[in-house]
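Here are the chains, one letter per residue:
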Amino acid sequence: MNKKSLRWALKVFVLSISLSIVFSLLSQSLLPSLSSFMSIFVIVFFIFVSVVFDMIAVAFTTISEEKLEKYKEEKGYEMAMALCRNADKVSSFGGDVVGDICGILSGAGGVSLVVNMNLEGDVNLLVTCLVSALIAGITIFCKAIMKSYAITNCDKIALLTGAYLETTPFKHRKKQKKEEKNKKN
């Protein structure tokens, strides 16, 4: 393992812990007070986010720079190419960091849903297990479908992701760093 990879792994480690703490605090303070409808919304939202980020991660680990080359004139090409060159980081962030945190939060939404049902004893245990299993099953089912789609349509997903990121401050920050680096040389 080279120093650059180790540095990235450490950044992801710190980011994961930081985000997990923030989201755990939020979920423990906000989710128990949510209505059943809002708990279901939270579950669906975090499953959706997890699936989308997993799809992006798979797309960038699948696509090659050569395949992207034919889209030089398309919107999102530059950012897609930058992400393609950093596919390991994109995969780690999208599939691991975001995916795992969303899994935790959709699970917390499930707990909130069951708490709102005010069940007791064995029924509470049974419903909790069923809700957890259903959340896991839906997440895995959706990710399985999206993995196939992401592999087949990696170029479209890469360009769409690149085009989206080009409209955010992310691109401008990256451009500033590049200009600062050029000034130093």
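The structure reproduced in this document is the subject of the present report.

What counts, and at which threshold
- Residues numbered from 1 in each chain as written.
- Predicted model: local features only at pLDDT ≥ 70, side-chain atom pairs only at ≥ 80, totals over all residues.
- Heavy atoms only, no water.
- 1 Å grid on protein atoms, 1.4 Å probe; cavity = no way out; pocket = protein on both sides within 12 Å on 5 of 7 lines; lining within 4 Å.
- Points joined across faces, edges and corners; volume = space filled by probe spheres on them.
- Helix = DSSP H or I, 4+ residues; strand = E, 2+ residues; numbered from the N terminus.
- Nonpolar A, V, L, I, M, F, W, Y, C, P; charged D, E, K, R; others polar.
- Buried < 20%, exposed > 50% of the residue type's maximum accessible area, 1.4 Å probe, protein only.
- Contact = heavy atoms within 4.5 Å.
- Patch = residues over 30% accessible without salt bridge, like charges linked within 9 Å, V, L, I, M, F, W, Y side chains within 5 Å.
- Areas by Shrake-Rupley, 256 points an atom, 1.4 Å probe, with all protein chains shown as cover.
- Salt bridge = Lys/Arg side-chain N within 4 Å of Asp/Glu carboxyl O.
- Phe/Tyr/Trp six-rings, centres within 6.5 Å; stacked < 30°, edge-to-face > 60°.

Counted by the stated rule, this structure contains one cavity of 30 Å³ or more. The computed volume of the largest cavity comes to approximately 30 Å³. Around the largest cavity, the lining residues are Ser 20, Phe 23, Ser 24, Ile 101, Ile 104 and Leu 105. For the lining of the largest cavity, the secondary-structure elements that each account for two or more residues are helix H1 (3-30) and helix H5 (87-116). Partitioning the lining of the largest cavity into residue classes produces four nonpolar, two polar and no charged.

What follows deals with the environment of Ser 112. Structurally, Ser 112 is set in helix H5. Ser 112 sits in the buried class, given a relative accessible area of 2%. When the C-alpha positions of Ser 112 and Ile 43 are compared, they lie 9.8 Å apart, and in sequence the two are 69 residues distant. Beyond its immediate chain neighbours, meaning those up to four positions away, Ser 112 contacts Leu 31, Pro 32, Leu 34 and Ser 39.

The next subject is a nonpolar patch on the surface. A cluster of nonpolar residues, Phe 13, Val 14, Ile 17, Ile 21 and Leu 25, forms a patch on the protein surface that exposes about 490 Å² of accessible area. Its place among the elements puts Val 14 in helix H1.

Let us now look at the layout of surface pockets. Taken as a whole, the second largest pocket spans an internal volume of roughly 190 Å³. Listing elements by their share of the lining of the second largest pocket, those giving two or more residues are helix H2 (36-62) and helix H6 (121-152).

Let's shift gears to unusual backbone geometry. At Asn 118, a position not held by glycine, the phi torsion is positive, near 50°. The exposed category is assigned to Asn 118, whose relative accessible area is 65%.

All right, on to the packing of aromatic side chains then. Inspection of every chain in the model, using the stated rule, returns three aromatic pairs. Note on Phe 41 and Phe 45: the rings are 6.3 Å apart at their centroids and 20° apart in plane angle, and the pair reads as stacked. Highlighted residues: Phe 41 and Phe 45, both in helix H2, separated by four residues, approximately one helical turn. Judged by centre distance (6.4 Å) and plane angle (70°), the ring pair of Phe 53 and Phe 93 falls under edge-to-face. Of this pair, Phe 53 sits in helix H2 while Phe 93 is found in helix H5, placing the two residues 40 residues apart along the sequence. Through a chain of ring-to-ring contacts, three or more aromatic side chains come together here, namely Phe 41, Phe 45 and Phe 46.

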